[in-house]
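# Structure assessment
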Amino acid sequence: MEAATTLSGAGRGLSQAERFRATRLLSEALVATLSDADATIQSMADASPAKWHLAHTTWFFETFLLRDHLAGYTRFDERWPFLFNSYYEAEGARHARAARGLLSRPSLDEVLAWRAHVDAAMAPLLARPDLAPLIELGIQHEQQHQELLLTDIQHALWNNPLGPAYVGFGTATAREETARGWIEHPGGIARIGHEGEGFAFDNEGPSHRALIEPFALADHLVTNRDWDAFIADGGYRTAALWLSDGWSWVQREGVTAPLYWREGESFTLAGWRQRDPEAPVTHISYYEADAFAAWAGMRLPTEFEWEVIGQGHDASAGNQLDQAGAVRPHGSAGLFGDVWQWTRSAYLPYPRFRPAEGAVGEYNGKFMSGQFVLRGASCATPRGHSRASYRNFFYPHQRWQFTGLRLAKDL
């Protein structure tokens, strides 16, 4: 049991049944230090309580696997689907997203009991090859919520004036600035999107051709030191650097630095800590990333540019989630890990994209409006979850996720 809680959901070399169990155990390990009150609070409408994440991922397996494919199965509690459905219109009415923090009942212990009940009931379905694709979707879905769970906990604790820690971490070793360079690409017709074997979400396909002009992608992420220079040079006060919507957002919200910054500190899952100047900057919006790129005389990459470079890198490398703990960006080689990287690409369907039939078809397609694509993986992404074709997406003002940037330039 102890070993399983330190294994990310990736579990390379494990069977699907073993990865299912490892993923479920990791989710519970992530809340092991939380009280019932910690797991119940909701700090903003974009976030969800930790308890809700545990329950929603369980609702997914109970609804789409056990209810539909296990003869004679009865729900653990018939009232709970209303509480823990997220956005699936095909599954009927649901509790308002912004009011999830009002759900003091069921308790954390009751949710954990529900998880144990569902996990035990899943045993016969884990041996059915015909259900493997749907089970895989459930595993991948829970891995996404593991990252959200950590970032939502961080935001909730930051709102506490005491600045409490989720868990502690050791003192970081001081590092010097490292050499910086560029990865050049000659351009041409590139194959974009997932193809071949292995899991991918529907928004990663169909695979198609895209014209890429010659460009270069930075071989390093923008750091806190870089961002300090941007601030010192008046980056948040210079309208010419910002998109119109971004400048309105900066003025309206009074934004002067990345989320969680104060003086020389930043708020982390281990509480307030001195900021490492060489660590990748994180918790920035698309607007901030775009403004920084303009200030640096560069630009953000398109998602296609990022993918053609990413195809030559190990997606499971770098600083990603392996076990429960106070994750943070610290800087690592390669394209993946530390922070999700904003691209300048709007989140839109690929040519010939069609959502899947049924409720699971609501997973990605209906959100293809008004958001931007991020690529890579973060320190809170379960290792093995991402790949070069993976498309994360958020609204341009959102920044409570581990989001950062890597610059690009034309050749």
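It should be noted that the structure appears before, not after, this text.
This text gives an overview of the structure that appears in the document. (Residues numbered from 1 in each chain as written. Predicted model: local features only at pLDDT ≥ 70, side-chain atom pairs only at ≥ 80, totals over all residues. Heavy atoms only, no water.)

This part takes up the layout of surface pockets. Taken as a whole, the largest pocket spans an internal volume of roughly 830 Å³. Taken together, 33 residues make up the lining of the largest pocket; nearest its centre are Tyr87, Arg97, Leu148, Phe393 and Phe394. Among the elements that line the lining of the largest pocket, the one with the most residues is helix H7 (residues 132-158), at six residues. Split into classes, the residues belonging to the lining of the largest pocket amount to 13 nonpolar, 14 polar and six charged. (1 Å grid on protein atoms, 1.4 Å probe; cavity = no way out; pocket = protein on both sides within 12 Å on 5 of 7 lines; lining within 4 Å. Points joined across faces, edges and corners; volume = space filled by probe spheres on them. Helix = DSSP H or I, 4+ residues; strand = E, 2+ residues; numbered from the N terminus. Nonpolar A, V, L, I, M, F, W, Y, C, P; charged D, E, K, R; others polar.)

As a further point, take the packing of aromatic side chains. Considering all chains together, one arrives at 33 aromatic pairs under this definition. Here tryptophan 227 and phenylalanine 292 contribute two aromatic rings whose centre-to-centre distance is 4.9 Å and whose plane-to-plane angle is 10°, an arrangement assigned as stacked. One end of the pair, tryptophan 227, is in helix H8 (residues 224-232); the other, phenylalanine 292, is in helix H10 (residues 286-295), and 65 residues separate them in sequence. The exposure class of phenylalanine 292 is buried, given its relative accessible area of 3%. Centroid distance tyrosine 347 to phenylalanine 393: 4.0 Å. Interplanar angle 5°. Geometry classified as stacked. Residue tyrosine 347 is found in the loop between strand E8 (340-346) and strand E9 (372-376), and its partner phenylalanine 393 is found in strand E10 (residues 392-394); the two are separated by 46 residues along the sequence. Across this residue pair, the class does not change: tyrosine 347 and phenylalanine 393 are buried. Clustering of aromatic rings is evident, with ring pairs tying together Phe20, Trp59, Phe60, Phe61, Phe64, Tyr87, Tyr88, Tyr347, Phe367 and Phe393. (Phe/Tyr/Trp six-rings, centres within 6.5 Å; stacked < 30°, edge-to-face > 60°. Buried < 20%, exposed > 50% of the residue type's maximum accessible area, 1.4 Å probe, protein only.)

Read across the sheet, four strands follow the order E10-E9-E8-E11 without closing on themselves; strand pairing throughout is mixed. Each edge of the open sheet carries a strand with a single partner, namely E10 and strand E11 (403-404). Sheet topology places E8 next to E11; two bridges connect them, and they run parallel. Its bridge partner being in E11, tryptophan 340 is matched across the sheet by threonine 403. (Pairing = 2+ DSSP bridges.)

Turning our attention to the nonpolar core. In this structure, Leu65, Phe84, Met122, Trp227, Trp242, Trp342 and Leu405 are the most contacted members of the largest nonpolar core, which totals 84 residues. Per-element tally for this core: the top contributor is helix H4 (residues 50-69), with 10 residues. Ala190, Ala210, Ile212 and Ala315 belong to the second-largest nonpolar core, a separate cluster that totals 15 residues. (Core = buried A, V, L, I, M, F, W, Y, C linked by side-chain atoms within 4.5 Å.)

Counting buried positions over the seven residues of E8 gives five, a clear majority of the element. Here four bridges tie E8 to E9, and the two strands are oriented antiparallel to one another. By the bridge assignment, tryptophan 340 is partnered in E9 with glycine 376.

Okay, the packing of helix H2 (residues 16-30) against H7 next. Packed helices, taken two at a time, are described by their axes: the angle between them and the distance between them. One can describe the packing of H2 onto H7 by two numbers: an axis separation of 10 Å at closest approach and a directional angle of 20°. One way to sum up the angle between H2 and H7 is to call them roughly parallel. Here H2 and H7 pass one another in a crossing that is left-handed. Facing H2, whose interface residues are Gln16, Arg19, Phe20, Thr23, Arg24, Leu26, Ser27 and Leu30, H7 presents Ala132, Ile135, Glu136, Ile139, Glu142, Gln143, Gln146, Leu149, Leu150 and Ile153. The residue inventory of the contact of H2 with H7, partitioned by class, reads nine nonpolar, five polar and four charged. (Axes fitted to C-alpha atoms, helices over the stretch in contact; angles between N-to-C directions. Parallel < 35°, antiparallel > 145°, perpendicular 65-115°, else oblique. Left-handed = near helix turned anticlockwise from the far one by under 90°. Contact = heavy atoms within 4.5 Å.)

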